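Okay, here's what each chain looks like letter by letter:
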Amino acid sequence: QVHLVESGGGLVQPGGSLRLSCAASRSIFTINAMGWYRQAPGKERELVARITSGGSTNYADSVKGRFTISRDNAKNTVYLQMNSLKPEDTAVYYCKADTLRIIYWGQGTQVTVSS
């Protein structure tokens, strides 16, 4: 069992920044990939950013150049730095852990970008 706890969401004005954190209950070194997904009202959950145990990353086209995913293995934590936020970034953001056996999801954290 892998427990994931997200934090860092909140209200921010357009152009602002937030950093989301996802703390895992065991070493992320043993997890194949960690990712951030988001879901806005009326939309399906979509991939935002992903990082593998080897450090390879990929991003949704809509966030390239603005968002950065990173990890701190010592803290078992994955981060999503979000810069130049836009109203269309408003969504619930979820942390995802892909193991060899099963996929785990965090509870989600709300990000609202509004003036």
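My aim in this report is to walk through the structure given alongside it, one point at a time. (Residues numbered from 1 in each chain as written. Predicted model: local features only at pLDDT ≥ 70, side-chain atom pairs only at ≥ 80, totals over all residues. Heavy atoms only, no water.)

**As for the sheet that holds strand S1 (residues 4–7)**
The sheet built from 4 strands is open, its strands ordered S1-S3-S8-S7 with antiparallel pairing. Strands with a single pairing partner mark the edges of an open sheet, and in this sheet they are S1 and strand S7 (67–72). Direction aside, the axes of adjacent strands within the sheet are offset by 15° on average. Sheet topology places strand S3 (residues 18–24) next to strand S8 (residues 77–82); 6 bridges connect them, and they run antiparallel. Looking at S8, one finds that leucine 18 is bridged to methionine 82. (Pairing = 2+ DSSP bridges. Helix = DSSP H or I, 4+ residues; strand = E, 2+ residues; numbered from the N terminus. Axes fitted to C-alpha atoms, helices over the stretch in contact; angles between N-to-C directions.)

**What to know about the environment of valine 5**
On the secondary structure map, valine 5 appears in strand S1. Along the chain, valine 5 and alanine 91 lie 86 residues apart, while their C-alpha atoms are 17 Å from each other. In this structure, valine 5 is in contact with Ser21, Cys22, Ala23 and Gln107, ignoring residues within four places of it in sequence. (Contact = heavy atoms within 4.5 Å.)

**As for the nonpolar core**
One recurring pattern in soluble globular proteins: nonpolar side chains tend to sit buried together. Core analysis: the biggest nonpolar cluster contains 30 residues, and Leu4, Met34, Trp36, Leu80, Met82 and Tyr93 have the highest contact counts within it. The set of elements that each furnish at least two residues to this core consists of S3, strand S4 (33–39), strand S5 (46–52), S7, S8, strand S9 (91–98) and strand S11 (109–113). If we ignore the near neighbours within four places in the chain, the residues touching tyrosine 93 are Glu6, Leu20, Trp36, Tyr37, Arg38, Val48, Phe67, Leu80, Met82, Gly108, Thr109 and Val111. (Core = buried A, V, L, I, M, F, W, Y, C linked by side-chain atoms within 4.5 Å. Buried < 20%, exposed > 50% of the residue type's maximum accessible area, 1.4 Å probe, protein only.)

**Structural notes on the pattern of salt bridges**
Under the criterion given, the structure shown has 5 salt bridges. One salt bridge connects aspartate 61 with lysine 64, and the closest N-O pair in it is separated by 3.0 Å. Taking the relative accessible area as the measure of exposure, aspartate 61 reaches 63% and is therefore exposed. Note that aspartate 98 and lysine 96 form a salt bridge whose closest N and O atoms lie 3.7 Å from each other. In terms of burial, aspartate 98 and lysine 96 fall into one category: buried. Through salt bridges with shared partners, a single network forms among Arg38, Glu46, Arg66 and Asp89. (Salt bridge = Lys/Arg side-chain N within 4 Å of Asp/Glu carboxyl O.)

**Description of the state of the cysteines**
Enumeration according to the criterion identifies 1 disulfide in this entry. A sulfur-sulfur distance of 2.0 Å marks the disulfide that ties cysteine 22 to cysteine 95. When the S-S torsion is -80°, as for the bridge of cysteine 22 with cysteine 95, the disulfide is left-handed. Of this pair, cysteine 22 sits in strand S3 while cysteine 95 sits in strand S9, and the two are 73 residues apart along the sequence. For cysteine 95, a relative accessible area of 0% corresponds to the buried category. (Disulfide = S-S within 2.5 Å.)

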